[in-house]
Each structure stands twice: as structure tokens, then as C-alpha cells.
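Chains, contacts and geometry: an overview
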Amino acid sequence: MSATASSLPHAATLKSDATIISLVGFAHGTSHFFHLMIPPLFPFFMAEFALGYASVGTLMTIFFVVSSIGQAIAGVWVDRYGADRVLFVGIGLLSLSGVLVFVAPNFHGLMFAAFVAGCGNSIFHPADFALINRRISAPRLGHAFSVHGISGNIGWACAPILMLATASTFGWRAAGLAAAAVGLASLSLLIWKRPLLQYELQTASVGGVTGALPAKVSFAEILAQPMVWAAFGFFFFATFGFGALQNFAPSLLRELFDLSLGAATSALSIYLIGSGCGLLVGGFLAKPGNAHEGYVAAAFGAGAAIALCLALLPLPVWVVLPVMAAMGFAVGIAGPSRDLLVRTATKARLGEGAFGRVYGMVYSGLDVGLAVAPIAFGLLLDAHQPRWVFAGISLSLICAIVAAWSVARTSRN
């Protein structure tokens, strides 16, 4: 049985917290790496199997739809079997998906690889956040959420570099093996450090009564909580706008501001760098007991205002990329506070034993937002309305603010 972080001496707690934060962050970076395992290989798939953009695009739709459905299921498994076991299964599936890309005989083989990768990706938010909330001491929770978000951005940044470099040198099948090796290395590290990732499943409290089993709160009761659906809506709207940038930033900025191909292509990377800096700052602002919805509202409000400026103002070319960085910074600040907001609401309404199931449900909104965004914003770009894309990003952030206040209100009630 593992001791809880709060029961350890201060020096031991600091060392344990730092190690666990690093391990969970590395796992989260692995999951984000596999978000972008397939997209850099699109041109190779199109040439090999005579595919169009719509066809290869369905691979990522499969990935995120499967991941969104699987998160709710993974949340149940986390609360029942422990986050460490579920985390190992997820990383193993991601590594397997790289092998499946390597052996794919046709497009249907690639679809199966995307399906398996989506299954593996589905476990990370319920498992990661259950570990953070159960194994990290309260004063360092904000920093834990901050590192968790930053590591995801690093995973996004590393994937295109490794996949393209390997595919260009050795072929796209070798790139699949390279991705599998990343997953295997991550899995090996986590298994080696497994004792730090275990916690006692029977230490949850439900309704303020300690010692209750996680099973005391049924999945049906969780689904009946307005807080859960408000948080689901929050993550849907928070990532819906980002989905526009993730999929279309180069085309969007070239059409709207006539940026060069190089500058437009770097826009998403610059946004993510700004977001990472915002996450770092947000980790110092997010403290247990603070009004987390206030930080979320201020940060997302600033992001919405910047997106609206991009939609309405004829900005000079040299201003666009710094403005993209500023928008990423503003949105990034909200990251740790949004995670603490969900944590506070879950403890107040359902107890710690429900962390896995609640995070599994609410974070599935993230995947749904990323799955829907390419369709919605793609239609606007097809209609040559890039300004409406940024207006849509602004509106989605405003809707996320409303949802955040709703989560806070239901937890207080």
C-alpha cells in the first residue's frame, strides 16, 4: 500500500511530487506525440495508396471519435483497477498503433491503426488526472497541471520532426516503427517507476464521509450531475476553437493576412510556444481555494478579444505572429485553473473516488471538440470566410467561460 503524499515529510513529499509530476508529464507528452503520429505522413499515404485529403482526414476523425468514447470507459477502469494499470495499457496500445502503421497493407490497415491509437489515447486524461489528484500534495497541484499541459505541447512539437525526418530518410513504414519505439520507451520508464504511481483505491470519500469505496458512486449518478455536463461543455468549447488552428492555421493566415508559407506554417508552433509560457505562469496562479473560474474567465476573455481582433482588424503582416503568441499565452494561463476547477467540483459533489470517471467523461468533450472543429471550420474556409473562423474561435472561448462559471456554481451549491 502506498502512502499518500500528504503523510510524507516535507523533503520526501517534494521529491515524490517532482518525480510523479515528471512521470505523468512524460506520459502525457507521449499521448500528444501520437496525436501527430499520422498527420505528418499524409503526403506519403496519399502517394502510396492514391488517396485524397478527405480520405486521409478521416484517419484523425476515427482517432478522436474513438478516443472521446473510450475516455468514459477508461475513467471507470481507473477508479476500479488503478490509474497505473490503465496507463500501461494505453501506452501499450499507442506503441502497437505504430507497429500497425508499419505493417499496414492498405488504407483499411491505416484506419485500424488510427482506431487502436484512439483507444490508447483515451486513457490518458482519466489516468493522469487521477494520479495527480491522488498522489500530489495540494500546494503543488497547480504546478502539476502546468507541467502536464506543457509536456503535451512538447509532444506535439516533437512528433512532426521525428515522423517527417524518419519518413523522408527511411520511408513512412519506418516512421511507424519510430513511433512504436517512443511508446515502448515511455512504457518501460513508467513500469520501472511503478511504485510511485500506485495509490490505495479505498481511500476515497463520498459526500464528506471518508473510507467509502469508489463504487458507492455509480456511473449513472455521475451522468446525472449537472456539473459533469457543464464541464463537458467547457472542454468542448475550449478545444473547439483550438481545433481550427490545429487543422487550418497555415491556410487560414495565408488567406486572411497574405503571410508567406513559412510564416503561416510556423503560426501554430508560435501559438503553442505562447501557450506553454502561459501554462507555466498559470501554474503559479492556480492554488487550491482560489476562485479558479475567475482566472479562466480573465484568460479566455483575453484570448477571445485577441481572436476577435484577428477577425476584424486589418493587421500588418509583422504583427500577426506575435498576436498569435499572445493568444496562446492568454489561453494557456487558464490551463491549471481549469483542471483545479474540475477537481474542486468533483470533490465537492462526488468525492475523490470518482476522479477517474469524472475526468473520463468531461475530457471526452475535448476529443469531441477536436473531432467536430475540422468539419465546422472547414466549411467556413471552403466558403472563403476566414474572418468568421477567428470569430468562431472567439465565440467558442466565450461559451467556455459561461460553462466554467456553471461548473463553479454547481460545485458551490
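Worth saying up front: this structure is predicted, and the values here are computed from it rather than measured.

Analysis parameters
Residues numbered from 1 in each chain as written. Predicted model: local features only at pLDDT ≥ 70, side-chain atom pairs only at ≥ 80, totals over all residues. Heavy atoms only, no water. Helix = DSSP H or I, 4+ residues; strand = E, 2+ residues; numbered from the N terminus. Buried < 20%, exposed > 50% of the residue type's maximum accessible area, 1.4 Å probe, protein only. Areas by Shrake-Rupley, 256 points an atom, 1.4 Å probe, with all protein chains shown as cover. Core = buried A, V, L, I, M, F, W, Y, C linked by side-chain atoms within 4.5 Å. Contact = heavy atoms within 4.5 Å. Phe/Tyr/Trp six-rings, centres within 6.5 Å; stacked < 30°, edge-to-face > 60°. Lys NZ or Arg CZ within 6 Å of the ring centre and 35° of its normal. Salt bridge = Lys/Arg side-chain N within 4 Å of Asp/Glu carboxyl O. Expected span 1.5 Å × (residues − 1). Patch = residues over 30% accessible without salt bridge, like charges linked within 9 Å, V, L, I, M, F, W, Y side chains within 5 Å. Polar contact = N/O pair within 3.5 Å; in protein donor to acceptor, adjacent residues only side chain to side chain. Axes fitted to C-alpha atoms, helices over the stretch in contact; angles between N-to-C directions. Parallel < 35°, antiparallel > 145°, perpendicular 65-115°, else oblique. Left-handed = near helix turned anticlockwise from the far one by under 90°. Nonpolar A, V, L, I, M, F, W, Y, C, P; charged D, E, K, R; others polar. pLDDT = per-residue confidence, 0-100.

With that settled, consider the overall build of the protein. Counting its regular elements, the protein contains 15 helices and two strands. When the 413 residues of the protein are sorted by exposure, 58% land in the buried category. Accessible area for the protein stands at about 16,300 Å²; split by element, carbon and sulfur atoms hold 71% of it.

Turning our attention to unusual backbone geometry. The backbone of Ala50 shows a phi angle near 55°, a positive value even though the residue is not glycine. Mapped onto the elements of the fold, Ala50 is located in the loop between helix 2 (42–49) and helix 3 (53–81).

Right, let's get into the nonpolar core. By size, the foremost hydrophobic cluster in this structure holds 132 residues, and its most contacted members are Phe45, Phe300, Met324 and Phe390. Per-element tally for this core: the top contributor is helix 10 (residues 226–257), with 18 residues. Beyond its immediate chain neighbours, meaning those up to four positions away, Phe390 contacts Leu245, Leu252, Leu253, Leu256, Phe257, Ala307, Leu310, Ala311, Met324 and Met327.

This brings us to the environment of Gln198. Looking at where Gln198 falls in the secondary structure, it is placed in the loop between helix 8 (172–192) and strand 1 (205–206). Here the alpha-carbon distance between Gln198 and Leu131, two residues 67 residues apart in the chain, equals 8.1 Å.

Turning our attention to the packing of aromatic side chains. Scanning the model with the defined rule gives 16 aromatic pairs in all. With 5.9 Å between their ring centres and 25° between their planes, Phe242 and Tyr271 make a pair best called stacked. Residue Phe242 is found in helix 10, and its partner Tyr271 is found in helix 11 (residues 261–285); the two are separated by 29 residues along the sequence. Look at Phe242 and you get buried, because its relative accessible area is 12%. Among the aromatic residues, those joined into a ring-pair cluster are Phe129, Phe145, Phe234, Phe235, Phe300 and Tyr363. Residue placement shows Lys193 over the ring face of Trp192; its charged tip is 4.3 Å from the ring centre.

Note on placement: Trp318 falls in helix 13 (residues 317–349). Using a relative accessible area of 68% as the deciding quantity, one classes Trp318 as exposed. Along the sequence, Trp318 and Ala263 sit 55 residues apart, while their C-alpha atoms lie 9.7 Å from each other.

What follows concerns the pattern of salt bridges. In the structure shown here, the tally under the stated rule is two salt bridges. With a closest N to O distance of 2.8 Å, Asp17 and Arg140 form a salt bridge. Taken together, the residues Asp17 in helix 1 (residues 10–35) and Arg140 in the loop between helix 6 (124–135) and helix 7 (141–170) connect sequence positions 123 residues apart. The pair formed by Asp17 and Arg140 is uniform in burial state, with each residue classed as buried. Of the charged contacts in the structure, one is a salt bridge between Asp84 and Arg194, with a shortest N-O distance of 3.0 Å. Of this pair, Asp84 sits in helix 4 (residues 83–103) while Arg194 is found in the loop between helix 8 and strand 1, placing the two residues 110 residues apart along the sequence. A residue is classified by how much of its surface remains accessible, and Asp84, at 4% relative accessible area, is buried. Given a relative accessible area of 27%, Arg194 falls into the partly exposed group.

Attention now moves to helix 6. Between its terminal C-alpha atoms helix 6 stretches 16 Å, which fits the 16 Å expected from twelve residues at 1.5 Å a residue. Here helix 6 lies mainly inside the structure; twelve of its twelve residues are buried. Phe124, His125, Pro126, Ala127, Asp128, Phe129, Ala130, Leu131, Ile132, Asn133, Arg134 and Arg135 are the residues of helix 6 that are buried.

On the surface, a cluster of nonpolar side chains totalling about 490 Å² of accessible area is made up of Val65, Ile69, Ile73, Trp77 and Tyr81. By relative accessible area, which is 42% here, Tyr81 ends up partly exposed.

Tracing the sequence through the fold places Tyr295 in helix 12 (residues 292–312). It is 8.7 Å that separates the C-alpha atoms of Tyr295 and Gly282, two residues lying 13 residues apart in sequence.

To continue, consider helix 5 (residues 107–121). Taking 1.5 Å of rise per residue, 15 residues should cover 21 Å, and helix 5 covers 21 Å from first to last C-alpha, within 8% of that figure. Turning to helix 5, its buried residues number three or more, namely Phe107, Gly109, Leu110, Ala113, Ala114, Val116, Ala117, Gly118, Gly120 and Asn121. The N-cap of helix 5, judged by a side-chain oxygen 3.1 Å from the amide nitrogen of His108 a few residues on, is Asn106.

Turning our eyes to something else, we now look at the packing of helix 7 against helix 13. Helix 13 packs onto helix 7 with a crossing angle of 120° between their chain directions and a minimal axis gap of 8 Å. As far as their axial angle goes, helix 13 and helix 7 are oblique. When you trace helix 7 past helix 13, the crossing you get is right-handed. Contacts between helix 7 and helix 13 involve Leu141, Gly142, Phe145 and Ser146 on the former and, on the latter, Pro336, Asp339, Leu340 and Arg343. Classifying every residue of the contact of helix 7 with helix 13 gives four nonpolar, two polar and two charged.

This part takes up the confidence of the model for the protein. Scored by pLDDT, the protein has a mean of 83; 88% of the residues are at 70 or more. Across residues 202–215, where pLDDT falls below 50, the model places 26 contacts with residues more than four positions away in sequence or in other chains.

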